[in-house]
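# Examining the three-dimensional arrangement
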Amino acid sequence: MRLLLSTVLALVLVSGCTSKPVLDLDDLLVPVSRSGATMPLEKVEQSILTATRKRGWVSRVVEPGLIEAQISVRSHGANVLIPFNQHSYSIHYKDSANLDFDEGSIHRNYNKWVHNLSKSIRVELQSNSQRL
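Conventions adopted
Residues numbered from 1 in each chain as written. Predicted model: local features only at pLDDT ≥ 70, side-chain atom pairs only at ≥ 80, totals over all residues. Heavy atoms only, no water. Core = buried A, V, L, I, M, F, W, Y, C linked by side-chain atoms within 4.5 Å. Buried < 20%, exposed > 50% of the residue type's maximum accessible area, 1.4 Å probe, protein only. Helix = DSSP H or I, 4+ residues; strand = E, 2+ residues; numbered from the N terminus. Contact = heavy atoms within 4.5 Å. Pairing = 2+ DSSP bridges. Axes fitted to C-alpha atoms, helices over the stretch in contact; angles between N-to-C directions. Phe/Tyr/Trp six-rings, centres within 6.5 Å; stacked < 30°, edge-to-face > 60°.

Another point: the nonpolar core. Membership of the largest hydrophobic core comes to 26 residues, with the highest contact counts inside it found for Ile48, Val80, Ile82, Tyr89, Ile91, Tyr110 and Ile121. Elements represented by at least two residues in this core include exactly α2 (41-54), β4 (66-73), β5 (76-83), β6 (88-97) and α3 (108-129). Take this core: its biggest share by element is 6 residues, from α3. Setting aside residues no more than four positions away along its own chain, Ile121 makes contact with Ile48, Ala51, Ile82, Tyr89 and Ile91.

A few words now on the sheet that holds β5. Taken in spatial order, the 5 strands of this open sheet run β2-β6-β5-β4-β3, and their pairing is antiparallel. What marks the edges here is a single partner per strand, and that holds for β2 (25-29) and β3 (58-63). Taking the axes of each pair of neighbouring strands and ignoring which way they run, one obtains an average angle of 25° across the sheet. Running at roughly 150° to β6, α3 makes contact with β2, β4, β5 and β6 of the sheet.

Turning our eyes to something else, we now look at the packing of aromatic side chains. Tallied over the entire structure, the rule returns 2 aromatic pairs. Centroid distance Tyr93 to Phe101: 4.7 Å. Interplanar angle 15°. Geometry classified as stacked. Judged by its relative accessible area of 19%, Tyr93 falls in the buried class. Exposure remark for Phe101: the relative accessible area of 41% places this residue in the partly exposed category. Three or more aromatic residues link up through ring pairs in this structure, and these residues are Tyr93, Phe101 and Tyr110.

Here it is as structure tokens:
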């Protein structure tokens, strides 16, 4: 009976685990205008900064082609690096607080935040590409 109870308890604990592999997004395309014009690097940068702000991230330009963004939700936080050029952007994990990062796994909310951030960046880039 004790063994059965221990097994059931272990299964409940494992099923409640919220860790997922860290989501890194690589080389997502920057849209071009209808005429095929490439977006200037400054416009790509501005699109990313606008999207981060709209999603509640605090961001700064580290150097041309690289933005660092941070989000804090209650006692949890995450930092990402966003390298970009006129053709693509990526979002890479840098570090986190209270998200149970362990050897490539992290709390599932981190992945949701990164996915939503990328979605917002795509919307901003698409909007700006139509204005070229």
